[in-house]
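Breakdown of the fold
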Amino acid sequence: MALLIVTAPPPSAPSGAEYGWALWSSDGRRLRSQGSAAPALLPASDEVVLGIPAATLSWHHLSLPQGSMNGAVRLRSVLNGLLEDHLLDEPDNLHFALEPGARVDTPIWVAACNRAWLQGAVQALEAAGRRVMRIVPEFAPQPTDAPSMLFAIGEPDDGQLVVCGSDGVALLPLDSAGLALAGPLLPGTTALAEPAVAELAESVLGQRIPIVKPAARWLQASQSDWDLAQFDFASTGRARAGKKLAAISRALWRGPQWRAARWGALVLVLAQLVGLNAWAWKERAALETKRAAVRGILTQTFPSVRIVVDPQSQMAREVAALQQATGGVAAADLEPMLSALATTLPSGRVPTAIDFGANQLRLRGLALQTSELEKLQSVLSSRGYSARSEGDLLLVQAEAAR
């Protein structure tokens, strides 16, 4: 399963603008291909993540009052009231998204962007058969205890400096004036630059900066917990539950923190397979040993048996033949059957005719009731005989003979 990350063109882009895309392997280790294309020409993928450029988002820090999260309609109304004085556009024209794990009475980040533009981007992709599973921001504020990050992006004639910290996301020009606006960088700040502006960023910052390609940066953004698909873009509980389950599955399947667990699970499965195969081999060997012992007993007891097919049946036939040859009485003979019947038949029931042949005793004229026949069958079965009724006949034969 491949991961397709698509970046939406900004609102200022002309109609029909192409979407940037990067196709990654399922584990996020190999970039298969990348480029830009219209939605209908994007590569097919099982999972599509839509990335929102930093310039299209504004970030707001606020605390939600008690009861504000009792339903999407109420939450939307609360956000409209809290952010109305901090927005350059009417709240009804904007889409809001809360940070992952947002709670009331706790400062949280809220992202805002143009609703119509975002809806148009999502509809264009879905109309082309590319169903969006998640919507992620290009950059997001850092947690309180995490170090700040600085990115140099864009082209040399339009470079931008993006500062992500616990106080939000700042988008500044990539020059000395922009660096001055960013203020002094805190110790531990990580700086990265795209290849196109790496030389310019090193000149502005006065230090060597590692290079990160845009596709790798978007992959990192897709691995965050942020999902802007809220409110109108995730209108049902099933959609939210499905995305949450997909996020958990994605973290377990790709997250580096779960790599050791994945290897452990793989080793456990392999060990179970090896153990099962070893146990099956041992059981097969023990069963074959028992079969060889049975065959050995048959051939040693009756040397005339050369080919062993069914040891139990062959042993029974040989024993019966030996009994007949020596004048012994076997269970399939007439005398034992009559003896068993004599103590089993209901009182006063005497057959009018008796016939014996092929190890089967046939009695006529007993006229047994159903209950009497069932009782007779039960008793005879415990003695090694079977009995059944065919019209006015009672057929009795030894189990081994049958």
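Computed from a prediction, not measured in an experiment: that's the story for all the values here.

Cut-offs applied
- Counting restarts for each chain, with residues numbered from 1 along the sequence as it is written.
- Residues qualify for local features only when their pLDDT is at least 70, as the model is predicted, and side-chain atom pairs are given and counted only at 80 or more; totals for whole chains, interfaces and linings, by contrast, use all residues.
- Side-chain measures here rest on the full set of heavy atoms in the structure, leaving out hydrogens and waters.
- Secondary structure elements are defined from DSSP: runs of H or I of at least 4 residues count as helices, runs of E of at least 2 residues count as strands, and each element is numbered from the N terminus.
- Only protein chains enter the area calculation, which uses a 1.4 Å probe; residues under 20% of their type maximum are buried, those over 50% are exposed, and those in between are partly exposed.
- Should any heavy atoms of two residues lie within 4.5 Å, those residues are considered in contact.
- Centres within 6.5 Å are what make two rings of Phe, Tyr or Trp a pair, Trp counting through its six-membered ring; a difference in plane orientation under 30 degrees is then read as stacked, over 60 as edge-to-face, and the rest as tilted.
- Take the buried Ala, Val, Leu, Ile, Met, Phe, Trp, Tyr and Cys residues and link them wherever side-chain atoms come within 4.5 Å; each set so joined is a nonpolar core.
- Criterion for a salt bridge: a side-chain nitrogen of Lys or Arg within 4 Å of a carboxyl oxygen of Asp or Glu.
- Under this definition, polar contacts are N or O atom pairs within 3.5 Å; protein pairs additionally need one hydrogen-donor-capable and one acceptor-capable atom, and for neighbouring residues in sequence, both atoms have to be side-chain atoms.
- Strand pairing follows a simple DSSP-based rule, namely that at least 2 bridges must link the two strands.
- In this description, a line fitted to the C-alpha atoms serves as the axis of each element, helices being fitted only across the stretch in contact, and the angle between N-to-C directions of two axes falls anywhere from 0 to 180 degrees.
- Confidence of the predictor in every single residue is expressed as pLDDT, which spans 0 to 100.

1. Some thoughts on the side chain of N80
Its place among the elements puts N80 in helix 1 (residues 72-83). A residue is classified by how much of its surface remains accessible, and N80, at 17% relative accessible area, is buried. N80 has contacts with P91, D92 and F96, leaving out every residue within four places of it along the chain.

2. Re the packing of aromatic side chains
Aromatic rings considered in pairs are described by the distance between their centres and by the relative angle of their planes. Taken as a whole, this structure holds 2 aromatic pairs when the rule is applied. Each ring, one from W59 and one from W226, has its centre 5.1 Å from the other, and the planes form 85°; the classification is edge-to-face. Here W59, found in strand 5 (residues 58-63), pairs with W226, found in the loop between helix 5 (214-222) and helix 6 (237-254); they are 167 residues apart in sequence, far enough to count as distant.

3. Some remarks on the nonpolar core
One finds V6, L50, I52, L118, I135 and L228 to be the most contacted residues of the largest nonpolar core, which totals 30 residues. Looking at this core, the elements with two or more residues in it are strand 1 (3-7), strand 2 (19-24), strand 4 (47-52), strand 7 (107-114), helix 2 (115-127) and strand 8 (132-137). Residue contributions to this core peak at 5 residues, all from helix 2. Excluding residues within four positions of it along the chain, I135 makes contact with L50, I52, L118, V122, W226, D227, L228, A229 and F233. Core analysis: the next-biggest nonpolar cluster, separate from the first, contains 16 residues, A332, L361, L380 and L394 among them.

4. Description of the pattern of salt bridges
Taken as a whole and assessed by the stated rule, the structure comprises 9 salt bridges. With a shortest N-O distance of 3.7 Å, R115 and D232 are connected by a salt bridge. Taken together, the positions of R115 in helix 2 and D232 in the loop between helix 5 and helix 6 put the pair 117 residues apart, joining distant regions of the chain. Judged by its relative accessible area of 23%, R115 falls in the partly exposed class. By relative accessible area, which is 53% here, D232 ends up exposed. For the salt bridge of R217 with E194, the shortest nitrogen-to-oxygen distance reads 2.4 Å.

5. Some words on unusual backbone geometry
Look at D105: it is not a glycine, yet its phi comes out positive at around 60°. Structurally, D105 can be placed in the loop between strand 6 (94-98) and strand 7. Positive phi outside glycine occurs at A367, with the angle close to 50°. With respect to the element layout, A367 can be found in the loop between strand 14 (360-364) and helix 10 (370-382).

6. A word on the side chain of T56
With respect to the secondary-structure elements, T56 resides in the loop between strand 4 and strand 5. Here T56 falls in the buried class, since its relative accessible area comes to 13%. At a separation of 2.7 Å, a polar atom in the side chain of T56 contacts the main-chain carbonyl oxygen of P53. The residues touching T56, leaving out its near neighbours within four places in the chain, are P10, P11, A112, C113 and W117.

7. Focus on the sheet that holds strand 13 (residues 353-357)
Each strand in a sheet pairs with another by means of backbone hydrogen bonds, the pair being arranged parallel or else antiparallel. With respect to topology, 4 strands assemble into an open sheet ordered 13-14-16-15, the strand pairing being antiparallel. Only two strands of the sheet have a single neighbouring strand rather than two, namely strand 13 and strand 15 (385-390). Ignoring which end each strand starts from, the neighbouring axes of this sheet average 20° apart. Direction of pairing for strand 14 relative to strand 16 (residues 393-398): antiparallel, over a ladder of 5 bridges. The partner of L363 across the bridge, within strand 16, is L394.

8. A look at the sheet that holds strand 9 (residues 149-155)
Strands sit in the order 11-10-9-12 across an open sheet of 4 strands; the sheet is mixed. The open sheet has two edge strands, strand 11 (168-173) and strand 12 (190-193), and neither has a second partner. On average, each strand axis in the sheet is inclined to that of its neighbour by 20°, with strand direction left out of account.

9. Digging into the pairing of strand 16
Counted residue by residue, strand 16 has 6 buried out of 6 residues, so it is predominantly covered. Here strand 15 folds back onto strand 16 in antiparallel fashion, the turn holding 2 residues, of which G391 has a positive phi close to 70°.

10. Details of the confidence of the model for the protein chain
Detailed reading of the predicted model is not advised wherever pLDDT is low. In the predicted model, the protein chain carries a mean pLDDT of 86, and 92% of its residues have values of at least 70. The element-level mean pLDDT for the protein chain is lowest in helix 6, coming to 58, with strand 6 highest at 95.

11. Regarding the environment of A22
If you trace the backbone, A22 turns up in strand 2. In this structure A22 comes out as buried when scored by relative accessible area, which is 5%. If near-sequence neighbours (up to four positions away) are discounted, A22 is found in contact with L3, L4, I5, L31, S33, Q34 and A215.

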